[in-house]
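Each chain, written out:
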Amino acid sequence: MLDDYDRLDGTAIADLVRRREVSAREVFDTALTRIEALDPHLNTIVHPHFDLAAADIDVGLPEGPFTGVPMLIKNTGIPVRGMEMSTGCRLFKGNVDAADGTLAARYRAAGAVMLGKSNTPEFALSFATEPREYGPTRNPWNPGHGPGGSSGGSAAAVAAGLVPFANSSDGAGSTRLPAAHCGLFGFKPSRMRNPLGPAFVEGIAGMSTPHAITRSVRDSAALLDATGGTDLGDPYAQPAKTEAFAASVARDPGALRIGLTLASPLGSAVDPQILARTEEAARLMESLGHHVEIVADAGYDAQALKTAWQVIPGVNVAMAVLGRGKALGLADPIAELEPVNAEWIRGAAQLTGMDYLASVNQLHATARGLGRFFDRFDILMSPATAELAPRIGELSSQTPGFQAFYDRFWTHSPFTCAFNASGFPAMSIPFGLSTEGLPIGVQFGAVLGAENLLFSLAGQIERAAPWADLRPDLTEYLA
């Protein structure tokens, strides 16, 4: 067994495998032992495919930056050969992919060992990972709370030390928010930096961007070096990176102009402890030589974005549900969904092409507004979330009443979605705990293509205020 497995990042584990101090099989066995001890209490993995992972190891893993490192894939959007992808929904149970998507193929080429699928809310339409079909994922910091969503299973698995990193996707904050709630590093790259092909062209009008939740900045950067890059037929071009992302982590970014917004762009409340931690982070930025200026807002219409976002995922999911229903011969497939989602999707199915186009144009208007902000500043800094990790049930989509759910959804995380609408990169960085012992994250975002800048800043922050020892106490489950 690998000593200190749960304290090592993927880069360190890969180095041990490369130097033959431990084998990929020993790492795999260690991961399974920890999963068997902890996951019954946390429910992070809904489709385990340990047999496929073991077969990959037996055949022989490619030589790559993460050879022998275990990881999980989020249960939506990323096809993996032989693995189930149910998207957290009973309608898609038993849906097994015949081939790897481009991103999974790149994970495989990097030597990573994909163990299975992590829990996600139904169709990833919530900031709480509590699908009716698979049950709630619990936050390792406090099992009465969730890890957030929609990449909640991935975040909880990394926080609990089941895997050093896990695949995630971010359509309104779904990487950054659970990372913030679990004391981890969550990075959303620029639109299409990681491809969605070949089966998918884009996710929710380009808003959904896959990457990972990690313990360390260097893992996130090296993983994006391994997976990023264009795929045939990508609908968006990418600005070239200035150097390897991993190289940027070790390089201080120089003095930056940081615009700090503390008020919710929707005018809703922000938890005082989150505000205090964000202000503490701002003082750290100044001590590192950056200029921080408090701004009233980031220059975009958050209410209009909220309205547009309802339309775009709704229409996209409606297409998937109606198509699946037709394939299965169901007269009313929407009836198979959770109550809130059924109401959401029934409404979306009645919208017109003009409704959808108006919403897409609102995404572009958000990008224009945020782009003007970055004429003045290098970085937009804000809380990652407006509230602490939710209690189980607080953001559930199983109680009827879509509008009340949707308002709570946006109240919980009003800061993140502008980066999805614009396609700009952003990240959540851990900044300590609340008095209740729940992690708090601070968001930093930049203009399209500025991943090198963000990784440089993240590396500087990690050196100045390290979070590697910010870990939940799980000894009661391991005794």
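Note that the structure is predicted; figures quoted are calculated from it, not measured.

The subject of this paragraph is the sheet that holds strand E8 (residues 291–294). Spatially, E1-E3-E2-E4-E6-E5-E10-E11-E9-E7-E8 is the arrangement adopted by the 11 strands of the open sheet, whose pairing is mixed. In this open sheet, the two strands that pair with only one neighbour each are strand E1 (45–48) and E8. Averaged over all neighbouring strand pairs, the angle between strand axes comes to 30°, with direction disregarded. Taken together, the three bridges between E1 and strand E3 (residues 113–118) define a ladder with antiparallel strand orientation. Each residue of the ladder has a partner; that of histidine 47, found in E3, is lysine 117. Contacting strand E2 (70–74), E3, strand E4 (165–170) and strand E6 (209–214), helix H5 (residues 152–159) runs over the sheet at an angle of about 155° to E4. The strands that helix H12 (residues 353–376) touches are strand E7 (257–260), E8, strand E9 (379–383) and strand E11 (439–445); relative to E9, the one it contacts most, it runs at about 110°.

Most of E2 is tucked away: five of the five residues are buried. Taking every second residue as pointing to the same face, both faces of E2 are buried, with Pro70, Leu72 and Lys74 on one and Met71 and Ile73 on the other. Direction of pairing for E2 relative to E3: parallel, over a ladder of four bridges. Pairing of proline 70 across the sheet is with valine 113, part of E3.

In terms of burial, H5 is largely enclosed, as eight of its eight residues are buried. Where H5 is buried, its residues contact E2, E3, E4, helix H6 (176–182) and E6. The first or second residue beyond H5 is glycine 161, which carries a positive phi of 75°.

Within the fold, leucine 196 resides in the loop between strand E5 (185–188) and E6. Those residues in contact with leucine 196 that lie beyond four places of it in its chain are Ile78, Glu202, Gly203, Ser208 and Pro210.

With that out of the way, let us pick up the pattern of salt bridges. Overall, the coordinates contain 23 salt bridges when judged by the stated rule. Note that arginine 463 and aspartate 252 form a salt bridge whose closest N and O atoms lie 2.7 Å from each other. With a gap of 211 residues between them, arginine 463 in helix H15 (residues 451–464) and aspartate 252 in the loop between helix H8 (245–249) and E7 connect regions that are remote in the sequence. Exposure remark for arginine 463: the relative accessible area of 45% places this residue in the partly exposed category.

Among the structural elements, serine 216 can be located in the loop between E6 and helix H7 (217–227). The class for serine 216 is buried, based on a relative accessible area of 9%. In this structure the side chain of serine 216 is engaged in a polar contact, spanning 2.8 Å, whose partner is the side chain of aspartate 9. At 3.2 Å, the side chain of serine 216 and the backbone nitrogen of aspartate 219 are in polar contact. If we ignore the near neighbours within four places in the chain, the residues touching serine 216 are Asp9, Phe185 and Glu462.

Here is what the cut-offs are and how they apply
- Residues numbered from 1 in each chain as written.
- Predicted model: local features only at pLDDT ≥ 70, side-chain atom pairs only at ≥ 80, totals over all residues.
- Heavy atoms only, no water.
- Pairing = 2+ DSSP bridges.
- Helix = DSSP H or I, 4+ residues; strand = E, 2+ residues; numbered from the N terminus.
- Axes fitted to C-alpha atoms, helices over the stretch in contact; angles between N-to-C directions.
- Contact = heavy atoms within 4.5 Å.
- Buried < 20%, exposed > 50% of the residue type's maximum accessible area, 1.4 Å probe, protein only.
- Salt bridge = Lys/Arg side-chain N within 4 Å of Asp/Glu carboxyl O.
- Polar contact = N/O pair within 3.5 Å; in protein donor to acceptor, adjacent residues only side chain to side chain.

Shape descriptors only; they carry no functional weight alone.
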